[in-house]
Amino acid sequence: DPQQIELATASKRKLRRFIVIDEVVDKLYGSQVRAYFQENNVQHKILALPTTEETKSMDLVLNILHEVQSFSLDRRTEPIIAIGGGVCLDIVGLAASLYRRRTPYIRVPTTLLSYVDASVGAKNGVNFLQCKNKLGGYTPPVASFLDRSFIQSIPRRHISNGLGEILKMALMKHKGLFDLLKNHGKYLLDTKFQSCNGFAHHGDAALQTTRIAIETMLEELAPNLWEDDLDRLVDFGHLISPELEMRVLPSLMHGEAVNVDMAFMTYVAHARGLLGAEEKEQILQCMRGLELPVWHSGCSWALIQRALRERLKHSGGRTRMPLPTGLGVADIFNDTSEETLERAYQLWVKD
């Protein structure tokens, strides 16, 4: 906003920023972040923290808030900046939403998963009583700054982890995105989503894939930002996975747990007659090509039953189960019988 820039530059008060950065990201990029603020003559405080599922708690939120208070942050003109993966963005978002009832914050995602998922939407939160994101709220950031160059330093498994959430949007809403993943998945893993010159036969698969994933996510989230409507296609892969992810920590990352859930739900869709055998195999083959797990021993029948009971409690007494009805098309179902679920589970286990 030119008017805001004019006000900021005309002010005699020095620009100030409070930054929370994941400690791993700080080791890789901290010197560049500090150089950026020094170059722009911005007084700044950088707080490097371990932001993992195991540390995603109110304790860490309060730690951030103590530091924010010491910095004497002005909530009208000094947004908090979060630089890190999805956990970091969630924790900082919650801290900002609590400080003086609402302080603006900016998301800078540094993993593929956070780039296409946590950067979009309004939700933030922390884990509580061994339940994923049990405490949280809906406070959107004032901006998300997307820079794929961060992704080049993350391990291959983390790239695969992010591909799980991209595949979710492909299966629910976009056959073209599914084809991109099927045809270019290995290339995207090998190049870590960097745009490489000299690979014209791939086009700019990284740019296309991330753009379509974010656009389809926005299409789903923007009209229903506060989840007033509980029928959400973006919940695909998120019926069983919250229970599974917390139960087997740290053996599964978020996108991996989501993919295990999606693999099971693909079998459910097949058992219901929504997907043919060939479509089911195409989906599983694509998952394997993206180096995502299609099964985990921790996903027992008892865990699935428990997770679906929790789902009923928090979704108005209906399962609201998103299922693919083809490649890139889906619907919400409330009438999947326990017999169908068990039949799908047994076939999944057998395969």
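Residues numbered from 1 in each chain as written. Predicted model: local features only at pLDDT ≥ 70, side-chain atom pairs only at ≥ 80, totals over all residues. Heavy atoms only, no water.

Per an unreviewed UniProt entry, the protein chain goes by ARO1 protein and derives from Cettia cetti. Recorded under Cofactor (unreviewed entry), the UniProt text for the protein chain is reproduced unchanged: "NAD(+)". (UniProt positions renumbered as here; feature names shortened; annotations may be inferred.)

Colleague: Explain the overall build of the protein chain here, please?
Modeller: Scanning the protein chain from N- to C-terminus turns up 13 helices and 9 strands. Its C-alpha radius of gyration of 21 Å places the protein chain within 12% of the 20 Å reference for a compact globule of 351 residues. Across the 351 residues in the protein chain, those meeting the buried criterion constitute 52%. When contacts within the protein chain are restricted to residue pairs at least 6 apart in sequence, long-range pairs at least 24 apart make up 75% of them. Per element, the accessible surface of the protein chain, about 16,400 Å² overall, is 51% carbon and sulfur. Put simply, the protein chain has 41 plus and 42 minus side-chain charges, and the middle of one group is 4 Å from the middle of the other. (Helix = DSSP H or I, 4+ residues; strand = E, 2+ residues; numbered from the N terminus. Rg over C-alpha atoms; globule rule 2.2 N^0.38 Å. Buried < 20%, exposed > 50% of the residue type's maximum accessible area, 1.4 Å probe, protein only. Contact = heavy atoms within 4.5 Å. Areas by Shrake-Rupley, 256 points an atom, 1.4 Å probe, with all protein chains shown as cover. Lys, Arg positive; Asp, Glu negative; His and termini not counted. Charge placed at Lys NZ, Arg CZ, Asp CG, Glu CD.)

Colleague: Can you walk me through the pattern of salt bridges in this structure?
Modeller: Side-chain pairs of opposite charge can arise whenever the charged atoms involved come near each other. By the definition in use, this model includes 27 salt bridges. Lys-132 is the salt-bridge partner of Glu-53, the closest N and O atoms lying 2.8 Å from each other. Of this pair, Glu-53 sits in the loop between strand S2 (43-49) and helix H3 (58-71) while Lys-132 sits in strand S6 (residues 131-138), and the two are 79 residues apart along the sequence. Classification of Glu-53 by relative accessible area gives buried; the value is 14%. Residues Asp-179 and Lys-182 are paired through a salt bridge, measuring 4.0 Å at the closest nitrogen-oxygen approach. Residue Asp-179 and its partner Lys-182 are located together in helix H7 (residues 175-191), separated by 3 residues, close to a single helical turn. (Salt bridge = Lys/Arg side-chain N within 4 Å of Asp/Glu carboxyl O.)

Colleague: How should I be thinking about the nonpolar core in this particular structure?
Modeller: For soluble globular proteins, nonpolar side chains are generally found buried alongside one another. In this structure, Leu-167, Ile-240 and Phe-264 are the most contacted members of the largest nonpolar core, which totals 70 residues. With 10 residues, the single largest contributor to this core is helix H10 (residues 254-271). Shared between two domains, this core holds at least three residues of each, these being domain 1 (2-152) and domain 2 (155-224 + 232-350). Counting residues in each nonpolar core, the second largest holds 25 residues, with Leu-60, Val-87, Val-92 and Ala-95 among its members. (Core = buried A, V, L, I, M, F, W, Y, C linked by side-chain atoms within 4.5 Å. Domains from an automatic or database assignment.)

Colleague: Explain unusual backbone geometry to me, please; I cannot follow it from the model alone.
Modeller: Peptide bonds are, in most cases, trans, and in most cases residues other than glycine have a negative phi. With an omega of 0°, the peptide bond between Leu-249 and Pro-250 qualifies as cis. Residue position: Pro-250 is located in the loop between helix H9 (241-248) and H10. Positive phi, normally seen in glycine, also occurs at Ser-72, with a value near 60°. Of note, Ser-72 is situated in the loop between H3 and strand S3 (80-84).

Colleague: Before we go on, may I ask you to explain the packing of aromatic side chains in this structure?
Modeller: Two aromatic rings, taken as a pair, are described by how far apart their centres are and by the angle between their planes. This model, assessed by the stated rule, comprises 8 aromatic pairs. With centroids separated by 6.0 Å and ring planes inclined at 65°, the aromatic side chains of Tyr-345 and Trp-348 adopt a geometry described as edge-to-face. Placement of both Tyr-345 and Trp-348 in helix H13 (residues 338-350) is noted, with a separation of 3 residues, approximately one turn of the helix. Among the residues examined, Tyr-345 registers a relative accessible area of 12% and is labelled buried. (Phe/Tyr/Trp six-rings, centres within 6.5 Å; stacked < 30°, edge-to-face > 60°.)

Colleague: Explain the packing of H7 against helix H11 (residues 277-289) here, please?
Modeller: When two helices pack together, their arrangement is captured by the angle between the axes and the distance separating the axes. Direction vectors running N to C along H7 and H11 enclose 20°, while the axes themselves pass 9 Å from each other. Considered as vectors, H7 and H11 are oriented roughly parallel to each other. Like other packed secondary-structure pairs, H7 and H11 cross with a definite hand, here left-handed. Side by side, H7 and H11 meet where Phe-178, Leu-181, Lys-182 and Leu-189 of the first sit next to Gln-282, Ile-283, Cys-286 and Gly-289 of the second. Taken together, the residues of the contact of H7 with H11 break down into 5 nonpolar, 2 polar and 1 charged. (Axes fitted to C-alpha atoms, helices over the stretch in contact; angles between N-to-C directions. Parallel < 35°, antiparallel > 145°, perpendicular 65-115°, else oblique. Left-handed = near helix turned anticlockwise from the far one by under 90°. Nonpolar A, V, L, I, M, F, W, Y, C, P; charged D, E, K, R; others polar.)

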